[in-house]
Amino acid sequence: MTVATERPYEIVIGIETHVELGTLSKMFCPCSARWFGMPPNTLVCPVCLGLPGALPVPNRRAIELSMTAGLALHCEVPEHTKFDRKNYMYPDLPKGYQISQYDLPLNVKGWLEITGDDGSPKRIGIIRAHLEEDTGKLLHGDGYSLVDFNRSGVPLLEIVSAPDMSSVSEALAYADALREILIHAGVSEFRLEEGAARFDTNVSIRFREDGQVRWPPQSEIKNLNSLRALEQAVTFESGRLWEDWQAGGEIRTRKAKITVGWSPETGRTFLQRRKEEAEDYRYFPEPDLVALAPSRETVEHIRSSLPEMPSERRARFVAQYGLSDYDARILVSDPLLAALFEGAVAAGADAKTTANWITGETLRFLRERSVRAAEIPFTAAQLAELVGLIVKREISATIAKDVFAEMWASRKGPAAIVTEKGLRQVSDEAAIASVVDDVISAQAKAVADYRGGNKRALEALFGGVMGRTKGKADPQVVRRVLTEKLG
Amino acid sequence: MAEAGTIREIAAALRSRRTSASELARAAIARAKADAYNAWLVVAEDHALVQARAADERISTGDAPLLCGVPWACKDIIGTKDVETTAASRILDGYVPPYSATVVERLDGEGAVMVGKTNLDEFAMGSSNENSAFGPVHNPWDPSRVPGGSSGGSAVSVAAGEVTFALGTDTGGSIRQPGALTGIVGMKPTYGRVSRYGVVAFASSLDQVGPFTRTVEDCAIVCQALFGQDPSDATTMPLPVEDLRRDLDRGVKGMRLGVPKEYFIAGIEPGVERAVRAAIRELESQGAAIEEVSLPSTDSALGVYYIIQPAEASANLARYDGVRFGLRVEGPDLVETYKRTRGAGFGAEVKRRMILGTYALSTGYYDAYYVKAQKVRTVIKEEFERVFGKVDALVTPTSPTVAFGIGAKVNDPLQMYLNDVFTLPVNIAGLPGISIPCGLSEGLPVGLQVIAPYYKEATMFRVAAAYERATMHHTLRPTARDSRPQEVRS
Ligand SMILES: [Zn+2]
């Protein structure tokens, strides 16, 4: 999958993820945080507009969710934490400073696990995860810009990874794992498509040249808002750095990092600023807020109420249910699918068959209808019932698909559907043998072909039997009886 | 045109129907309009008359609070819904807040009648009220002199008898110093006692709202309405507010009062020192034990203050960018629009402090300035706390000088800043402080400052009221200047 080993250089990647927390209200005011799709400047108040005299009041839920995220990422929650002002002027930042956290973030020193390029588990370090407020949005017109402050003040968690990823595929695996964990922990819906999650990605290349390890300064690619953009931008920028080095370009003399943007239209990065031009944010403690001292009881309470994390759950699915890693991964990728699976198994269903029906038909139906798992119309118990019918060979796989479709359409239970439509599988040998006799006499040519050595002619006869029994005959019995009678 | 009475006088007159809130409001509006000291930026006539009519109705039901119908003036840095709020800055030209500050809402709730908005140093940055974009305020005791600042307009509106009380803000002495220089009571509460919500922020960790009044009792009555936790200000304390008038009549007998020796420094005017020493003797004669104490870091306070205050201000004033409200001077691009707007909108002193503050917070200087200042701030707090282990309150001069001439110090910011040396340590520590009149020097008022431990405003009022009861200084009026009232002699 990866070509990293074929490259003459290693890519070093660290990712800063900005993700909006799933709170109802904003970080420092009571306005609704559900800004996506709302008419501009309808979710605003003096606080999130930065009007003179307005003061921030911290959203307790956002602080709890931040700690939940940190604990899910195996972070420590320090005993003392505080908010700071990050000063810079821009029209989408109404106060002229962003309330953020500088030297005492809510979470430090964590990790998450991905599958590395060599196929073994790899820990990616989390340096810190801190809480801040989102900015408004600029809408650019011809010769003017408009500001929409609906997003201003929405709680944002910034998760800073260590530069532990060594390839584009590891970067994508990290982003996926992070997304999965935050969704699982109930911290965020991680809606990249709505701009509610963004990546700033630090990319550098490392290689040996003239017997020395070279590691020229990195590029920070700002504001990547999809996994596709992440993949393309990192691929492009690492390649560009290498080519620049080979060509004896500016990277050979540059001492500090640069900040670049990504243009999906051109498929290229573009220079935003050099370190020398970097802004001095003049951080200082936010005097409008008091310092926080999360009690150890609170931290332990949050830790004990954390749901099982995806990597642990995956490992458990493989060990406990004998699933393939692939199936476990798909099931765990969505908490609802995982719950459906475990619910059906708890109701007595065979684990592997259940997994197949979720990763197969269920996902196909969701995809074709473009709906989320929340809209699956049947219950875990109903799925268990369907799996039971299949395993006991009361219906064939083909019939089961019809029953499944009927379950989706009518929301009836599978046993009721089978009974109602008379779909129960026929396994009675005598009944099947009489149909086989009919087919052998009706399809003389196929019989002659088969006996003449064309084994594929058996399929035509098999199809004939299944057709006459409307698919209800047990296919294994049909095959055995057919070969016996023809043999 | 009689002057405004005290709250108690007004409450009695209103309840006996000798006057009405509407009549009082009309008289106050007339006095404000006739004001000769440039104390007012807005006289909110219609607003005041509407409030007065509502107050009259409430009084007629027989169930009105003490402040109902009492005319007051609001420093124009405190936001008032539907009434222009400028902070005496061009940058807020035309800004009408869509909401009122919590302190204004609380006074509205009491039925008090806001007559208008008063002049101040731009964004409260100043000690003389000469930094207003709308011209200096004159001291009614001598119109060629400053009234002090930054709440100069509010101080004058009370000192000149135009309203019964006024609200100011005090970041380094901006209530107590003008109170002293205009001969009235000016008080800064403990940090965290009064909501800052809706008050245009200057230096967030230092700012507090407080009243100007004629008497200590009036001050306690207004504080009673202002004090208390506000869910909109995370720095207000969740403390019950006790009856602030409880100890007004207790006297100081048996109290231990500290006199910090560092507050009688070179540079204090002899007449000021004389008046303050006489006041201390008066308290001693009433039975207080006077004890000299030491606050060794007092002379570091000015340095600490001029790091922390401009640093916070530099961030607080970043929001004036011409994008959402106030002045906007269009340029060819965004940065140029910022520069032109802020260049035209802010006055010299505001720019000076933003540059100071930006510098102090910059990479490479932050530790040497801001971090060090915060450490010294802690030392200053600890020194006060140690002293309050020995004494119940401190008594000091409020200002080293009486009112000085307009223009006398404008070209020497450092001299101007020195005017606050006795008041700003109180803000740095977050303590409550009050200035009360203690006589005249060269015919101009001198203030006595009483500083109390955290949340001990009632103790502070007790000392101030004991002194006030025994003396007549608070009854002196600026108009009496021509008749040369007796000076305090040592
Ligand atoms: Zn809001």
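Only a predicted model underlies this, so the values are computations on that prediction, with no experimental measurement involved.

Scoring rules and cut-offs
- Sequence positions are assigned chain by chain, starting from 1 and proceeding in written order.
- For naming, the first written chain is A and the first written ligand is 1, with later ones following in the order written.
- Totals for whole chains, interfaces and linings use all residues, but because this is a predicted model, local features are given only for residues with pLDDT of at least 70 and pairs of side-chain atoms are given and counted only at 80 or more.
- Just so you know, side-chain values use all the structure's heavy atoms and leave hydrogens and water out.
- By salt bridge we mean one thing: a side-chain nitrogen of Lys or Arg within 4 Å of a carboxyl oxygen of Asp or Glu.
- Only DSSP runs of H or I reaching four residues or more are called helices, and only runs of E reaching two or more are called strands; each is numbered from the N terminus.
- Buried, partly exposed and exposed residues are distinguished by accessible area as a fraction of the type maximum, computed with a 1.4 Å probe on protein chains only: under 20%, between the cut-offs, and over 50%, respectively.
- Each metal's donors are the N, O and S atoms found within 2.8 Å of it, except that Na, K and Ca use a 3.2 Å limit; water is left out, so coordination can look incomplete.
- For a four-donor site, all angles between 85 and 135 degrees give tetrahedral; for four or six donors, opposite pairs above 155 degrees with the remaining angles between 65 and 115 give square planar or octahedral; all remaining cases count as irregular.
- Contacts are residue-level and defined by heavy atoms, with any inter-residue pair within 4.5 Å sufficient.
- Accessible area, probed at 1.4 Å, shrinks when two parts are joined; the buried area is that loss added up over both.
- Strands qualify as paired when DSSP identifies two bridges or more between them.
- Note on definitions: angles span 0 to 180 degrees between N-to-C directions of axes, and those axes are lines fitted to C-alpha atoms, for helices only across the stretch in contact.
- The cut-offs work like this: below 35 degrees is roughly parallel, past 145 is roughly antiparallel, 65 to 115 is roughly perpendicular, and the gaps in between are oblique.
- When the near helix sits turned anticlockwise from the far one by under a right angle, the crossing is termed left-handed; a clockwise turn instead gives a right-handed crossing.
- For a helix, the expected span equals 1.5 Å multiplied by the number of residues minus one.
- What fixes the domain bounds is an automatic or database domain assignment.
- Think of it as three bins: nonpolar holds Ala, Val, Leu, Ile, Met, Phe, Trp, Tyr, Cys and Pro, charged holds Asp, Glu, Lys and Arg, and polar takes everything else, Gly as well.

Overview of the pattern of salt bridges
Inference 1: Going through the model one piece at a time under the given rule, you end up with 63 salt bridges over all chains.
Inference 2: The shortest N-O distance in the salt bridge between R240 of chain A and E237 of chain A comes to 2.8 Å. Taken together, the positions of R240 of chain A and E237 of chain A, both in helix 3 (residues 227-246) and three residues apart, correspond to about one turn of that helix.
Inference 3: Given the relative accessible area of 24%, R240 of chain A is considered partly exposed.
Inference 4: Note on E237 of chain A: relative accessible area 0%, which makes it buried.
Inference 5: For the salt bridge of E3 of chain B with R477 of chain B, the shortest nitrogen-to-oxygen distance reads 3.1 Å. Residue E3 of chain B is found in the segment before helix 1 (7-15), and its partner R477 of chain B is found in the segment after helix 15 (457-470); the two are separated by 474 residues along the sequence.
Inference 6: Classification of E3 of chain B by relative accessible area gives partly exposed; the value is 37%.
Inference 7: Bridged by salt links that share partners, the residues R85, E286 and D288 of chain A together with R196 and D233 of chain B form one connected network.

Details of the coordination of the zinc ion
Residues and elements named next belong to chain A.
Inference 1: Protein-derived coordination of the zinc ion comes from C29 (SG), C31 (SG), C45 (SG) and C48 (SG), at a distance range of 2.3 to 2.4 Å.
Inference 2: Coordination at the zinc ion is tetrahedral: its four donor atoms span angles of 100 to 116° at the metal.
Inference 3: Each donor residue of the zinc ion belongs to the same chain, and together they define the spacing C-x1-C-x13-C-x2-C. With C29 in the loop between strand 1 (10-20) and helix 1 (60-72) and C45 in the loop between strand 1 and helix 1, the pair connects residues that are 16 residues apart, well separated along the chain.
Inference 4: Residue C45 is classed as buried on the basis of its relative accessible area of 17%.

Focus: the interface of chain B and chain A
A common measure of how large an interface is: the accessible area buried when the components associate.
Inference 1: Between chain B and chain A, the residue contacts involve 38 residues of the former and 32 residues of the latter.
Inference 2: For the pair chain B and chain A, the summed buried surface comes to about 2700 Å²; carbon and sulfur atoms form 61% of the total.
Inference 3: Area buried by chain B at its contact with chain A is led by A234, R319 and R324 of chain B, which between them contribute 22% of it.
Inference 4: Among the salt bridges present, the one from D288 of chain A reaches R196 of chain B, with a minimum N-O distance of 3.0 Å.

Focus: the sheet that holds strand 2 (residues 84-87) of chain A
All names here are of chain A.
Inference 1: Strand order in the open sheet formed by three strands is 3-2-14, and the pairing between neighbours is antiparallel. Two strands close off the open sheet at either side, each with one partner strand: strand 3 (97-100) and strand 14 (284-285).
Inference 2: Bridge analysis of strand 2 against strand 3 gives four bridges, and the strand direction is antiparallel. Paired with N87 across the strands is Y97, a residue of strand 3.

Regarding the packing of helix 7 (residues 335-346) of chain A against helix 9 (residues 380-391) of chain A
All names here are of chain A.
Inference 1: Between helix 7 and helix 9, the least distance of the axes is 8 Å, while the angle of their chain directions is 60°. Here helix 9 runs oblique to helix 7, going by the angle between their axes. The crossing of helix 7 and helix 9 is right-handed. Contacts between helix 7 and helix 9 pair L340, G343 and A344 from the former with A380, L383 and A384 from the latter.

Overview of helix 2 (residues 168-184) of chain A
Inference 1: Counted at 1.5 Å a residue, the expected span for helix 2 of chain A with its 17 residues is 24 Å, and the 24 Å between its end C-alpha atoms agrees.
Inference 2: Looking at the residues trailing helix 2 of chain A, positive phi occurs at G186 of chain A, about 75°.

As for the domain arrangement of chain A
Residues and elements named next belong to chain A.
Inference 1: Each domain of chain A was delimited in the assignment, giving domain 1 (10-298), domain 2 (309-402) and domain 3 (429-486).
Inference 2: Computed over C-alpha atoms only, the centres of domain 1 and domain 2 are separated by 35 Å.
Inference 3: On the side of domain 2, ten residues touch domain 1, which itself brings ten residues to the contact.
Inference 4: Counting the surface lost from both domain 1 and domain 2, the interface buries some 830 Å², and carbon and sulfur atoms represent 53% of this.
Inference 5: Per-residue buried area on domain 1 facing domain 2 is highest for E113, E180 and H184; these three make up 56% of the total on that side.
Inference 6: In this structure, the salt-bridge partner of E193 is R372, at a minimum N-O distance of 3.9 Å.
Inference 7: Among the elements that take part in the side of domain 1 that touches domain 2, helix 2 stands out by supplying four residues, more than any other.
Inference 8: Along the lines of polarity and charge, the residues of the side of domain 1 that touches domain 2 split into four nonpolar, three polar and three charged.

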